[in-house]
Amino acid sequence: MGKRLMGALTLALAFAAGAGATPLNIVATTSDIADLAKAVAGEHAVVSSICTGTEDPHYLTAKPGFIARARTADLWIAVGLELESAWELPVLNGSRNRHVQPGTDGYLDLSKSVELLDVPQGPLSRAMGDVHPGGNPHYWLDPLNGRRMAEAIAERLARLRPDLAGEFYANLAQFRNALDERMFGAKALQGAKAETLWKRHARGEEIPNLGGWAAQLAPRRGQGLVTYHKSWIYFANRFGLRVVGELEPQPGIPPTAAHLAKLVATMKAEQVDLILQEPFYSTKAAERVSAATGARVVVAANSVGGRPEATDYLALLDRIVAELSKE
Amino acid sequence: MFSKRYWLGLPLAAALFVAPARAQTADSAAETPDPFLNLKAFNPDVSAIVDMFYYDENSDEGMGHVAGEIAGFGHAHAAGEGEEHHHHAADKGFNLRHLELQFSGTVDPYFKATAIAAIDLDDAEMEVAEIETTGLPFGLKVKGGKFFSDFGYLNAQHSHEWDFVDQPLIYQLALGSHGLNDKGVQVSWLAPTPFYLLAGVEAFQGDNEQAFAYHGDGELPEDDGPRVGVGWLKIGPNLPGNHGLQFGAFAATGTHQEEHDGDGDGTTDHWLDGDTSFWGADAVYKYNSPQSYGQGDFALQAEYFSRKKDLDLVAHDLAPHLVGNSRIDEQDGYYVQATYGFLPRWRAGLRWEQVGLTNESELPSGETEDFGSSDRASAMIDFTPSHFSRLRLQANQGSYETAEGTEDVTEVYVQWMVSLGAHGAHNF
């Protein structure tokens, strides 16, 4: 009995000491990144996210629990572009974890790997409101950026654990296929390579046997919509929707009566029939504008977990597309 | 507040400084990467806090006098400042709090540093000049220079981070208007626990407004520094979702010397030497609402601390027979405050505080004195137009126990402050 126990213990220790035995500890700042990291890392990582998806990442505070989590992280993945600047550095600095400080391999800023929009040109002033000098940080809502984010995560994981690189890339391929299929439908993918489809779709070309999100939103191409915050431009850009204005007069400044009146006029002139906003904003302003214009108000989560149905990244986009394509 | 962003200073400065150079090589400039871009990244973040307020109160001789006379705490003057010394208080009418000019940045792979100059209308003070390590193993960090002690919750916060215009009475009475901010060294350790557990020890020179310090005239040889030792512990249990909680406990002790003018004739006549200790606890709970612009956010915080001064009468020109006897003062105090975001960008807050629940002095003559407590209730409403500006209205109603009896004072503040430039994010 004693010998057997010793044997088991020795075996357990040998496993624990061997490379590959301990899963990577990944901490993502948002639930969207966490979901992509889970898809790519598979069983080789424990992934958690700081934001739950129900709150606005601009307005979090550096809680002690965040510091405790960053302390043991092997990889910290952030949206970047100052989305997390209210709390990220105090958390990383407070964690005393040398492996995840900005500039190290354990710190991954995904904004470096995606295509950015709204990068301010010319002199900036805070009189413009809460502008992000590096570009608009809500890039994960473009499914092609989601694809690029997953690629960047796979590359970084492979660098941290070269022994598992093959598995990470296999997981990535699986995720990419699932994403491409949701985007274009299985039939369209039989006729052309995914990369080609993304390019053709971006140019607005006809794609034979088109299904998926691209087909669902095709009827809305070129049509206008109004959003609450400037957080939907990547999504709109991917599907050819036109963001005509925001309920916020300036980023980070709540709607004012004067601004809404102007917006109503614009919406009437441009025949905008849709207002899109996140659940964490009050719907009062949207309802007011809706009453004046007859536009439909869609409240959709912009992050995984923001709504119970948005269980993962693909479900999140499923949901947004379904809501917007309703007539 | 000002909890975000430290971005704009650099790009703006960049645009200003680079524009002329660009103009000269207009044709090629568009293609060439900005040669100064990387250098600019090495500039420290620079920010300034401009903080003004209007103040009014209805005490007989001024709030500074009242605070200086609060029973039991009144004997606390640092030596050399005379018995008529008044506590630092706001003027009726317009006040400008010192301009907080902050520089911070990463020094090299091993250290980061922050320097804050507090500039007043007629003088300037080095408020913070701290260096801290960034690369020590085992969860360790060492901080040195002049800095705010991390004991308790409010001590390490700068005045622009406070939820009320003024600091709680117990801080002001026990440690003076700057709290415990001194030259020294801190070693802290983040424990390898699944929850947050941070422990720290600090050694300070002991140049505090209300305790530890002595600027003597020779009758009492000044103790060598470091004169103060501090230890603290912070625990943050893991709460689900949008809840944050932190508990703290702390203790400090240091040598303490005083000189006094007992008969008020303008010359120092008795000298005391011994030590001061304080201990206490703090708790903070924050709820981050799923709504935007801070609406629905709730914060509750409380701190208690108890202080004991244990001094010996070393010399007394008027009553030499008392020399060798001791004087022991024990005082305490607490505050509890809550803030709630009742509308987007609007918060309301309430604060209740008491000092002197324990309030005993054992005099060199052998007599003991037992004083009553003072209390104060405060209410505030503030509006935060953006991350960088805030307006606040605050009213205090206090009932203060002084040698002259109980005095009720009403105070009103209207505050207006902004953060200019690149200001780093704040801690929990």
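See the structure printed just above.
If you're wondering where the values come from, they're calculated on a predicted model, not measured in any experiment.

Undergrad: Could you give an account of the packing of helix H2 (residues 31–41) of chain A against helix H5 (residues 143–160) of chain A, naming the residues involved and the relevant values?
TA: All names here are of chain A. Relative to each other, H2 and H5 sit at 55 degrees, their axes nearing to 9 Å. As summarised for this structure, H2 and H5 are arranged oblique, according to the angle between their axes. Between H2 and H5 lies a crossing whose hand is right-handed. Judged by residue contacts, Ile-33, Leu-36, Ala-37, Val-40 and Ala-41 of H2 engage Gly-146, Met-149, Ala-150, Ile-153, Ala-154 and Leu-157 from H5. Its residues assigned to classes, the contact of H2 with H5 shows 10 nonpolar, one polar and no charged.

Undergrad: Which residues make up the pattern of salt bridges, and what are the values?
TA: Summed over the entire model, instances satisfying the criterion amount to 37 salt bridges over all chains. Among the salt bridges present, the one from A:Arg148 reaches A:Glu115, with a minimum N-O distance of 3.5 Å. Of the two residues, A:Arg148 is situated in helix H5 and A:Glu115 in the loop between strand S4 (107–109) and H5; the sequence distance between them amounts to 33 residues. With its nearest N and O atoms 3.1 Å apart, the salt bridge here joins B:Arg227 to B:Asp207. With B:Arg227 in the loop between strand S8 (196–204) and strand S9 (228–236) and B:Asp207 in the loop between S8 and S9, this pair connects stretches of sequence that are 20 residues apart. Look at the salt bridges and you will find they share partners, linking A:Arg147, A:Glu151, A:Arg176, A:Asp180 and A:Glu195 into a network.

Undergrad: Help me get a handle on the packing of aromatic side chains, residues and values and all.
TA: Applying the stated criterion across every chain yields a total of 28 aromatic pairs over all chains. Aromatic pair A:Tyr139 and A:Tyr234: ring centres 6.4 Å apart, planes at 80 degrees, arrangement edge-to-face. Of this pair, A:Tyr139 sits in the loop between S4 and H5 while A:Tyr234 is found in helix H10 (residues 233–239), placing the two residues 95 residues apart along the sequence. In this structure, A:Tyr139 and A:Tyr234 share a single accessibility class: buried. With a centroid separation of 5.7 Å and 80 degrees between ring planes, the pair formed by B:Phe250 and B:Phe305 is classed as edge-to-face.

The rules behind each value
- Each chain has its residues counted from 1, running along the sequence as written.
- Labels follow written order: the first chain is A, the first ligand is 1, and so on.
- Thresholds applied to this predicted model are a pLDDT of at least 70 for local features of residues and 80 or more for the giving and counting of side-chain atom pairs; totals over whole chains, interfaces and linings are not thresholded and use all residues.
- Values shown for side chains rest on all heavy atoms present in the structure; no hydrogens or waters enter the calculation.
- Angles here are taken between N-to-C directions and fall from 0 to 180 degrees, while the axes themselves are lines fitted to C-alpha atoms, restricted in helices to the stretch in contact.
- Helix and strand labels come from DSSP, where a helix needs a run of H or I of at least four residues and a strand needs a run of E of at least two; each type is numbered from the N terminus.
- When describing relative orientation, an angle under 35 degrees is termed roughly parallel and one over 145 degrees roughly antiparallel, while 65 to 115 degrees is termed roughly perpendicular and anything else oblique.
- Helix crossings fall into two classes, left-handed where the near helix is turned counterclockwise from the far one by less than a right angle and right-handed where it is turned clockwise.
- Any pair of residues with heavy atoms lying within 4.5 Å of one another is described as a contacting pair.
- Basically, the charged four are Asp, Glu, Lys and Arg, the nonpolar ten are Ala, Val, Leu, Ile, Met, Phe, Trp, Tyr, Cys and Pro, and anything else, Gly included, counts as polar.
- The term salt bridge refers to a side-chain nitrogen of Lys or Arg lying within 4 Å of a carboxyl oxygen of Asp or Glu.
- The aromatic pairing rule takes the rings of Phe, Tyr and Trp, using the six-membered ring of Trp, and pairs them if the centres are within 6.5 Å, calling planes under 30 degrees apart stacked, those over 60 edge-to-face and the rest tilted.
- Note on exposure labels: buried denotes an accessible area under 20% of the residue type's maximum, exposed denotes more than 50%, and partly exposed covers the range between, all computed with a 1.4 Å probe on protein chains only.

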